[in-house]
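A structural walkthrough
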Amino acid sequence: MQTTSLPNTPAAFADAGWSDIAPYYEELATAPLTRENVEEWLKSWSQLEELIDEAGTLAMIAYTGDTADAEKEKAHLRFSTEIFPQAHEQGVRLSKRLLDLDYSRPGLETTVARFRTDAEIFREENVALFAELEELSAQYQKIVGGLLVEWEGETKTIPQLQPYLKDRDRQVRERAWRLGNEAYLARRDELAALFDKMFVARTKVAGNAGFPNYQEYAFKSKHRFDYTPVDCARFHDAVERTVVPAVERQLAYRRERLGLDRVRPWDLGVELERVDSLKPFDDVTTFVDRAKGIFRRVDPTLGSEFALMASEGLLDLESRKGKAPGGYCTKLSFRGKPFIFMNAVGVADDVNTLVHEAGHSFHDFAAHRQPLIWQRSPGHEAAELASMSMELLASPYLRKPDGYYTDDEARSARIEHLEDILFSLPHIASVDAFQSWIYTSGEGHDAAARDRAWLEIRSRFERGIDFMGLERERVARWYRQLHIFEYPFYYIEYGIAQMGALQVWRHSLADQARAVRQYREALALGGTASLPDIYRAAGARLVFDADAMGELVQLVEQHLTELRAG
Ligand SMILES: [Zn+2]
C-alpha cells in the first residue's frame, strides 16, 4: 500500500521541518486500513518512525559532541521541540487506528497493550498540565544546575566537590559534605514551593484520567503490567530485612578500617582498599582496545559488536572542550546500531560507565532483529537488566592482559562495585517508599510533612551512619534526587534490575557460557515479551521477596569477604 515512497536514508530528513514530514503521517492516517493490509501499513509506519528517530538522534549526537556550534544546536532543537512532539502526536493518532481495527498477533501483543494503555489514560485536558510539568522541571534544573559554592577561594559547582568527599583527611570531607548540603538547604523553600506545584499538577493529571492518586496513574503510564505498589512495598520490606543489615556490616568494617569511633555521612566516600585512585588508561585508544578484549572474553559475538562500534565511529568517549556533560547510549533505529557518548578522563568510573553503556548497546544490537520499531524497546526494568548484568559479567575480565588492571587493582575495583550494589539498594527503597508516601498519604502537599516523612523513611533504610545533629542535611538529600522532581516513580526499576543482574551473575559463576547465552536470548526479545518472560529467558525472575533477595545479598557479601581476604 506504500504510495508515496519513503526516503531510503535518514539523511533525507536531516534538514527537514515538520511540514516535510507531516504528509507521510497524513497518508498513513487517511489510507484505507483493513486486516488485509495492516501488516504492510505497520511496516511503513515503523520505517517512517525509524527514519525520523535516526535523523533526530544524529542531530542530538552532533550537538552534544559540539555544543558551541550554533547550527548543530539549531538542528537539535528543531527535532526536539518541533518534530518529535508532533510526530509523537501523530503516532498516537495512528495507534488509535490500529486499536480500532482490534488487530493483534503473536509478537505484537505487548505493543498493542502499550498502545491501548496510552489511549485509555489519555486526556486532552492533561496536555497543558504536562507542558506545565515540563516547565517546572526546567525550573528545577535551572536552580540545581546553578548552585555554586566557595571552596578555598574558588567558585565550584556541587559535582566539583565530589573528589573532596573521597579525601583521606576527614575534615576536608566533612567541609565538602556540609557545603554541598548547605547549597541545597539555602534554596530549600524555593525547591519545596516548586515541588508543591508539581504535586498539584500531577494530582490533577491522575484525577482527570480517573485515578484516585498519582501513584496508580504512574504505574499505568509506565506500563507496569507485571507488578504493583504492593510488590514495591514488599521490595522495601525485603531491603530492610536483608540489605540494611548487610550494609551495617559493611559500615562496621569501614569504621574499623578507618579507625573511627562512629561512621559519619562524610566517611562513606573514602576508598578503603587503596590510597591512590585507579588510573585504568592514559588515552582513548587504550580505553577502547582493552574494552574490546574484555567483551571478547565475555562473548565473541558481543566482542565483535563492540569492535564494530569502534570501527564505525559509534563511540565518542573522550572528554573535550565543547562536549555536553555526562554519558549516554542511544540507538540509530534505521541502521540498527547503537552509539555511546561519554566524557572519559582516565578514572575507574569511566570503565564502569563504558561497561554499563555497552550492556545497553548489546541490547540494541540484539533487539534490532525484531522487525518493527515498537517491538524493540522494553521498559527500563529490562533495559537496566542488560546494562547491570554486563557490569557483573565483565567484572572477571577487568584484569590484564585483556583488561585495565593489575590483579590487585582489579580486586579493589570489584570490591567497590559489589559495595556499591549493596549501598544503592536502601537508597532505591527510600526514594520509592518516599514517593509512594507523597502521593498516597494525603499529606504530600505539606512541605514540612514531606521532610518529616523523608527522615522517618530514611532512618528505616539508612542505618549504621551517625546523623546526630545533621537532620537538616539529611533532609536535603531528597531535594538532590532529581527523579523525585522530574521523573516521578522512575527508580524502583534499578532495584528490580539489580536483583535480576545478580541472578544472571550467579548463573555465570556456575556456567559462564550458558549464562551469557541466556542473557543474549533475553535481550533479543526486545519489547515483545512480558517483563517476567524477559527475565525468565535470562534465567532470572522478578524478585520482591526477602528470601530470594537474602540469598543474593549473601552471595555479594561472601564475594566481598573472599576478595578482601585476597
Ligand atoms: Zn543504564
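For the structure itself, consult the block above.
Source: prediction; values computed, not measured. (Residues numbered from 1 in each chain as written. Predicted model: local features only at pLDDT ≥ 70, side-chain atom pairs only at ≥ 80, totals over all residues. Heavy atoms only, no water.)

**Remarks on the overall build of the protein**
Quick reminder of the rule: Helix and strand definitions follow DSSP, with helices as H or I runs of at least four residues and strands as E runs of at least two, each counted in order from the N terminus. In this description the radius of gyration comes from C-alpha coordinates, and the expected globular size is given by 2.2 Å times residues to the power 0.38. Three exposure classes are used, based on accessible area relative to the maximum for each residue type with a 1.4 Å probe and protein chains only: buried under 20%, partly exposed in between, and exposed over 50%. Note on contacts: a residue pair is in contact if any heavy atoms of the two residues lie within 4.5 Å. Note that accessible areas follow from Shrake-Rupley with a 1.4 Å probe, and for residues the cover is restricted to the protein chains shown. The charge count includes Lys and Arg as positive and Asp and Glu as negative, but it does not include His or the ends of the chains. Every charge is mapped onto a representative atom, which is NZ of Lys, CZ of Arg, CG of Asp or CD of Glu.
When helices and strands are counted, the protein shows 21 helices and 5 strands. At 24 Å, the protein has a C-alpha radius of gyration in line with the 24 Å of a compact globule built from 566 residues. Overall, the protein is about 75 × 55 × 50 Å in size when its C-alpha atoms are taken along their principal axes. Within the protein, the fraction of its 566 residues that count as buried is 54%. In the protein, once contacts between residues fewer than 6 apart in sequence are set aside, the share between residues at least 24 apart is 76%. Carbon and sulfur atoms make up 50% of the accessible area of the protein, which amounts to about 25000 Å² in all. For the protein, the distance from the average position of its 70 positive side-chain charges to the average position of its 90 negative side-chain charges is 3 Å.

**Side note on the packing of aromatic side chains**
Spelled out, the test is: Stacked, tilted and edge-to-face are the three classes applied to pairs of Phe, Tyr and Trp rings, where Trp contributes its six-membered ring and a pair requires centres within 6.5 Å; stacked means planes under 30 degrees apart, edge-to-face means over 60, and tilted covers the rest.
For the structure on display, the rule yields 38 aromatic pairs. Arranged with centres 6.2 Å apart and planes meeting at 50 degrees, the rings of Phe 281 and Tyr 404 form a pair that is tilted. With a gap of 123 residues between them, Phe 281 in the loop between α9 (229-258) and α10 (284-298) and Tyr 404 in the loop between α13 (380-394) and α14 (407-440) connect regions that are remote in the sequence. Here Phe 281 and Tyr 404 have matching classes, each one buried.

**Comments concerning unusual backbone geometry**
In this chain, Lys 400 is followed by Pro 401 through a cis amide linkage whose omega measures 10 degrees. Its place among the elements puts Pro 401 in the loop between α13 and α14. Backbone geometry at Asp 102 places phi at a positive 55 degrees, although glycine is not the residue there. Inspection of the secondary structure puts Asp 102 in the loop between α3 (70-101) and α4 (109-121). Despite not being glycine, His 223 shows a phi value in the positive range, around 55 degrees. By secondary structure assignment, the location of His 223 is in the loop between α8 (214-221) and α9.

**Overview of the coordination of the zinc ion**
Rules: A 2.8 Å cut-off from the metal defines N, O and S donors, relaxed to 3.2 Å for Na, K and Ca; water is not in the atom list, so some sites may appear incomplete. Here a site with four donors is tetrahedral if all angles are between 85 and 135 degrees, and a site with four or six donors is square planar or octahedral if opposite donors are over 155 degrees apart and the other angles are between 65 and 115; anything else gets the irregular label.
Every protein donor of the zinc ion is listed here as His 356 (NE2), His 360 (NE2), Glu 384 (OE) and Glu 384 (OE), and their distances to the metal cover 2.1 to 2.5 Å. One can describe the site at the zinc ion as irregular: its 4 donor atoms subtend angles covering 52 to 138 degrees at the metal. Within one chain, the residues serving as donors to the zinc ion are arranged as H-x3-H-x23-E. Placement of both His 356 and His 360 in helix α12 (residues 348-367) is noted, with a separation of 4 residues, approximately one turn of the helix. Residues His 356 and His 360 agree in their burial class; the two are buried.

**A few points about the pattern of salt bridges**
Selection rule: Basic side-chain nitrogens of Lys or Arg form a salt bridge, by our definition, when they fall within 4 Å of a carboxyl oxygen of Asp or Glu.
Scanning all chains against the criterion turns up 44 salt bridges. Of the charged contacts in the structure, one is a salt bridge between Arg 399 and Asp 407, with a shortest N-O distance of 3.7 Å. Classification of Arg 399 as partly exposed rests on a relative accessible area of 43%. Taken together, the salt bridges that share partners define one network made up of Lys 166, Glu 271, Arg 274 and Glu 416.

**Quick word on the side chain of Arg 188**
In this structure, Arg 188 sits in helix α7 (residues 188-208). Residue class for Arg 188 comes out buried when judged on its relative accessible area of 18%. Residues contacting Arg 188, with those up to four places away along its chain left out, are Ala 447, Ala 448, Asp 451 and Tyr 479.

**Looking at the sheet that holds strand β3 (residues 315-318)**
Under the convention used in this document: Each pair of strands is called paired provided DSSP finds at least two bridges between the two strands. Axis lines are fitted to C-alpha atoms, over the contacting stretch for helices. Their N-to-C directions set the angle, which ranges from 0 to 180 degrees.
Strands sit in the order β3-β5-β4 across an open sheet of 3 strands; the sheet is mixed. Two strands bound the open sheet, and with one partner strand each, they are β3 and β4 (328-332). In this sheet, adjacent strand axes meet at a mean angle of 15 degrees when their direction is disregarded. In this fold α10 packs onto β3 and β5 (337-344), with an angle of close to 125 degrees to the strand it touches most, β3.

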